[in-house]
Amino acid sequence: MLSNHSRLTRYKPVDELPAPSVPVSVIISARNEARNLTENLPYILQQNYPNYEVVVINDCSSDESDLILLDIQREFAHLKVVTITEHARYKTGKKFALTLGIKAAKHEHLLFTDADCKPATLNWITRMAAGFTGNTAIVLGYSPYTRTSNFLNPFIRFETLKTAINYLSAALTGNAYMGIGRNLAYTKTQFFNAKGFASHMHVLSGDDDLFVNQNATADNTAIEIHPDTFIYTDAKTTLSGWFRQKKRHMGVGKLYKNKHRRMLSFDAVSGFLFYVLFILCLVFKFEPLLAIGVIVFRWALQLMVYNKVFKRLDCGDLVWSLPFFDMIYYIYLNVFGLIGTFIKTTRWK
């Protein structure tokens, strides 16, 4: 994987601000997000872009989201609201909400985020939309978590960073396998040609990664990692909240294409076994100096490859935590991989 990741280290986003290009529809699905809509939506509605709309799907909210959206709509004419009401017999999920939002969007080029997310700058749309060149129909963005003092925050940010390095590097090698719905763009034509989420509508999650996994090719996918395009959100602050989130996300991996499942499984298992063997060598005193030498070489190689990309992706403070978090990361991958395989989740919020 390090050889693929080195491509991301060498990748340089265009620094010059591009001219506005295609009209864009920003789509946000929101369920009981009154506070987040109040804090984040006006910033998205004030982007430095001449031709765009924001479509918010108020998905069966029971809070004051409808009143807040109405107030914001009075100030911003380019806000469109699609309302879904709860039905006693039929439960809807995020994919259904997004499908209605996509159908309501008037523009071909769609940009997705969540209600609890905020762009780093007012140039988010400009730079993400600039990715739609030539045959590009999918643009993968990056969404880091905000840095806080919460005890879970460093590892959550590390895991998110490693996930981003993996999928962004894969896209650069022509083997894109996932994207993050907090910062993702694709065309309406691509969506309807793929029959939307029909093939995985029965799965609660996957509106982002499964869609990309099934539709991305070497020719139609690009990435955008200029700092202007980062989308920030707050990480979970409790183990229970984080557990529910990761259980939901990990559950869709078994539906990836076989080549991607093999690639990710090999990385997860090999990384885990590396640390298991290292610990066993120390415990049973089997060539301990050699084992220490190998792991130090691994860490040195990782630091050489990751130092620059960690800083570029706004996680420079985590570089020197890499030796510890790398081991925890591979334990986490295998534990949640098993959980996602055998335990189903029943809600998206």
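Let me begin by describing the structure that accompanies this report. (Residues numbered from 1 in each chain as written. Predicted model: local features only at pLDDT ≥ 70, side-chain atom pairs only at ≥ 80, totals over all residues. Heavy atoms only, no water.)

Overview of the overall build of the protein chain
No. 1: Scanning the protein chain for helices and strands turns up 12 helices and 9 strands.
No. 2: Taking 2.2 N^0.38 as the reference for a compact globule, 349 residues should give roughly 20 Å; the C-alpha atoms of the protein chain span a radius of gyration of 21 Å, in line with that estimate.
No. 3: By residue count, 52% of the 349 residues in the protein chain fall in the buried class.
No. 4: Of the accessible surface of the protein chain, which amounts to about 16600 Å², a share of 59% is contributed by carbon and sulfur atoms.
No. 5: With 39 positive and 28 negative side-chain charges, the protein chain shows a separation of 7 Å between the mean positions of the two kinds. (Helix = DSSP H or I, 4+ residues; strand = E, 2+ residues; numbered from the N terminus. Rg over C-alpha atoms; globule rule 2.2 N^0.38 Å. Buried < 20%, exposed > 50% of the residue type's maximum accessible area, 1.4 Å probe, protein only. Areas by Shrake-Rupley, 256 points an atom, 1.4 Å probe, with all protein chains shown as cover. Lys, Arg positive; Asp, Glu negative; His and termini not counted. Charge placed at Lys NZ, Arg CZ, Asp CG, Glu CD.)

Re the pairing of strand β3 (residues 79-84)
No. 1: Across 6 bridges, the pairing between strand β2 (residues 52-59) and β3 is parallel. Bridge pairing in β3 links Asn58 to Thr83.
No. 2: Assessed by its sense of winding, the connection that carries the chain from β2 through helix α3 (residues 65-75) to β3 is right-handed. (Pairing = 2+ DSSP bridges. Right-handed = clockwise from strand over helix to strand, strands pointing away.)

Notes on the state of the cysteines
No. 1: Here the structure, examined in full by the defined rule, presents 0 disulfides.
No. 2: Among the cysteines around Cys315, which has no disulfide bond, Cys117 carries the closest sulfur, lying 15 Å off. (Disulfide = S-S within 2.5 Å.)

Topic: the nonpolar core
No. 1: In terms of nonpolar packing, the biggest core is built from 70 residues, with Ile27, Leu140, Tyr186, Phe310 and Leu313 touching the most fellow members.
No. 2: With 10 residues, helix α6 (residues 153-172) is the largest single contributor of residues to this core.
No. 3: Once residues lying within four places of it in the same chain are set aside, the contact partners of Tyr186 are Ile102, Glu108, His109, Leu110, Phe112, Phe132, Ala137, Ile138, Phe191, Phe197 and Phe211.
No. 4: Core analysis: the next-biggest nonpolar cluster, separate from the first, contains 30 residues, Ile28, Tyr52, Leu69 and Leu111 among them. (Core = buried A, V, L, I, M, F, W, Y, C linked by side-chain atoms within 4.5 Å. Contact = heavy atoms within 4.5 Å.)

Re the packing of aromatic side chains
No. 1: A complete count under the given rule lists 24 aromatic pairs for this structure.
No. 2: Between Tyr329 and Tyr330, the ring centres sit 5.2 Å apart and the planes meet at 80 degrees, which makes this aromatic pair edge-to-face. For the residue pair Tyr329 and Tyr330, the accessibility class agrees, reading buried in each case.
No. 3: Arg298 extends its terminal NZ or CZ atom over the ring of Phe274, reaching a point 4.6 Å from the ring centre. (Phe/Tyr/Trp six-rings, centres within 6.5 Å; stacked < 30°, edge-to-face > 60°. Lys NZ or Arg CZ within 6 Å of the ring centre and 35° of its normal.)

Some details on the sheet that holds strand β7 (residues 184-187)
Within a sheet, each strand pairs with its neighbour through backbone hydrogen bonds, oriented either parallel or antiparallel.
No. 1: Overall, mixed pairing links the 7 strands, which are arranged β3-β2-β1-β4-β7-β6-β8 in an open sheet. With partners counted over all chains shown, the strands left at the sheet margins are β3 and β8 (221-223), one partner each. Neighbour-to-neighbour, the strand axes of the sheet open up by a mean angle of 20 degrees, direction not taken into account.
No. 2: The pairing of strand β4 (residues 109-114) with β7 spans 4 bridges and is classified as antiparallel. Counterpart to His109 in the pairing with β7 is Thr187.
No. 3: In this fold helix α2 (residues 34-45) packs onto β1 (24-30), β2, β3 and β4, with an angle of close to 160 degrees to the strand it touches most, β2. (Axes fitted to C-alpha atoms, helices over the stretch in contact; angles between N-to-C directions.)

Describing helix α1 (residues 2-10)
Residue pairs three or four apart in sequence face the same way in an α-helix, which turns once every 3.6 residues.
No. 1: Taken residue by residue, α1 has His5, Ser6, Leu8 and Thr9 as its buried positions. The buried residues of α1 occupy an angular sector of 155 degrees when projected down its axis, which confines them to one face. Exposed positions of α1 whose direction lies more than 90 degrees from the buried face are Ser3 and Arg10.
No. 2: Elements that come into contact with the buried residues of α1 comprise α6, β8 and α11 (288-312). (Arc of directions from axis to C-beta.)

Structural notes on α2
No. 1: Between its first and last C-alpha, α2 extends 16 Å over 12 residues, near the 16 Å set by a 1.5 Å rise per residue.
No. 2: When we look at burial in α2, the residues that qualify are Ala34, Asn36, Leu37, Asn40, Leu41, Pro42, Ile44 and Leu45. (Expected span 1.5 Å × (residues − 1).)

Considering unusual backbone geometry
No. 1: The residue Lys195 is not glycine, and still its phi comes out positive at about 60 degrees.
No. 2: Residue placement: Lys195 occurs in the loop between α7 (188-193) and α8 (209-215).
No. 3: The class of Lys195 is exposed, set by a relative accessible area of 67%.
No. 4: The residue Glu287 is not glycine, and still its phi comes out positive at about 45 degrees.
No. 5: Tracing the sequence through the fold places Glu287 in the loop between α10 (258-283) and α11.
No. 6: Glu287 sits in the partly exposed class, given a relative accessible area of 49%.

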